[in-house]
Amino acid sequence: MTTGGFSSKGLLNEEAVLKLASLTNTDALEIGEIAATLGKQRKLPIAIEVRIGEWIVFHASLEGSKPENDWWIGKKVRVVIMKQHSTMYERVLSEELGIDRYKENKVGD
């Protein structure tokens, strides 16, 4: 069983369906504002970032979020840019293949 019961095939299908043909600044701001509103309503301690390529168009750190949230966002962005897939897809694919990315990336092992 993988994280959340997802499959890499299902996540690839979701990526294909949800992929935007284009993204304007206005679109990016609207997506960020919707996410921030939902996060506030649900009292989620999250940071939200919407990018066009490497350009940060929207960023919000909601109540209860921490500075390290920005570090995690940066890490996830680098994975997406390098692999061209969501971090969830990469995690589930690794689990399906029996690859431990944490162990694989430790320095000094």
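The present account deals with the structure reproduced in this document. (Residues numbered from 1 in each chain as written. Predicted model: local features only at pLDDT ≥ 70, side-chain atom pairs only at ≥ 80, totals over all residues. Heavy atoms only, no water.)

Considering the overall build of the chain
Then, number 1: Of regular secondary structure, the chain possesses five helices and two strands.
Then, number 2: N-terminal to C-terminal, the α/β element order of the chain is α-α-β-β-α-α-α.
Then, number 3: Here the chain holds 109 residues, and the buried ones make up 20% of them.
Then, number 4: Taking all contacts inside the chain whose residues are at least 6 apart in sequence as the whole, residues at least 24 apart take part in 48%.
Then, number 5: Of the roughly 8,300 Å² of accessible surface on the chain, 58% is carried by carbon and sulfur atoms. (Helix = DSSP H or I, 4+ residues; strand = E, 2+ residues; numbered from the N terminus. Buried < 20%, exposed > 50% of the residue type's maximum accessible area, 1.4 Å probe, protein only. Contact = heavy atoms within 4.5 Å. Areas by Shrake-Rupley, 256 points an atom, 1.4 Å probe, with all protein chains shown as cover.)

What to know about the packing of helix 1 (residues 8-18) against helix 4 (residues 87-97)
Then, number 1: Where helix 1 meets helix 4, the axes come as close as 9 Å, and the angle between the chain directions of the two elements is 160 degrees. With respect to helix 4, the element helix 1 is oriented roughly antiparallel. Relative to helix 4, the crossing made by helix 1 is left-handed. Contacts between helix 1 and helix 4 involve Ser8, Leu11, Leu12 and Glu15 from the former and Met88, Tyr89, Val92, Leu93 and Glu96 from the latter. (Axes fitted to C-alpha atoms, helices over the stretch in contact; angles between N-to-C directions. Parallel < 35°, antiparallel > 145°, perpendicular 65-115°, else oblique. Left-handed = near helix turned anticlockwise from the far one by under 90°.)

So, the pairing of strand 2 (residues 55-61)
Then, number 1: Here strand 1 (residues 47-52) pairs with strand 2 via six bridges, running antiparallel. In the strand pairing of strand 2, Ala47 is matched with Ser61.
Then, number 2: In this structure, the hairpin formed by strand 1 and strand 2 is closed by a connection of two residues, where Gly53 is found at a positive phi of approximately 65 degrees. (Pairing = 2+ DSSP bridges.)

Some thoughts on the nonpolar core
Then, number 1: By size, the foremost hydrophobic cluster in this structure holds eight residues: Ala28, Ala36, Ile48, Val50, Val57, Phe58, Ala60 and Leu62.
Then, number 2: Put simply, the parts of the chain that give this core at least two residues each are helix 2 (25-41), strand 1 and strand 2.
Then, number 3: Tallying contributions element by element places strand 2 first for this core, with three residues. (Core = buried A, V, L, I, M, F, W, Y, C linked by side-chain atoms within 4.5 Å.)

What about helix 2?
Then, number 1: In this model helix 2 runs 24 Å from its N-terminal to its C-terminal C-alpha over 17 residues, within 8% of the 24 Å that 1.5 Å per residue would give.
Then, number 2: Of all the residues in helix 2, the buried ones are Ala28, Gly32, Ala36 and Gly39. Projected down its long axis, helix 2 shows its buried positions confined to an angular sector of 65 degrees, all on one face. Facing away from the buried side of helix 2, by more than 90 degrees, are the exposed residues Thr26 and Gln41.
Then, number 3: Here the buried face of helix 2 lies against strand 1 and strand 2.
Then, number 4: Positioned one or two residues after helix 2, Lys43 has a phi angle of 55 degrees, which is positive. (Expected span 1.5 Å × (residues − 1). Arc of directions from axis to C-beta.)

Observations concerning the side chain of Ser94
Then, number 1: Topologically, Ser94 is positioned in helix 4.
Then, number 2: Excluding its chain neighbours within four sequence positions, the residues that come into contact with Ser94 are Ile99 and Arg101.

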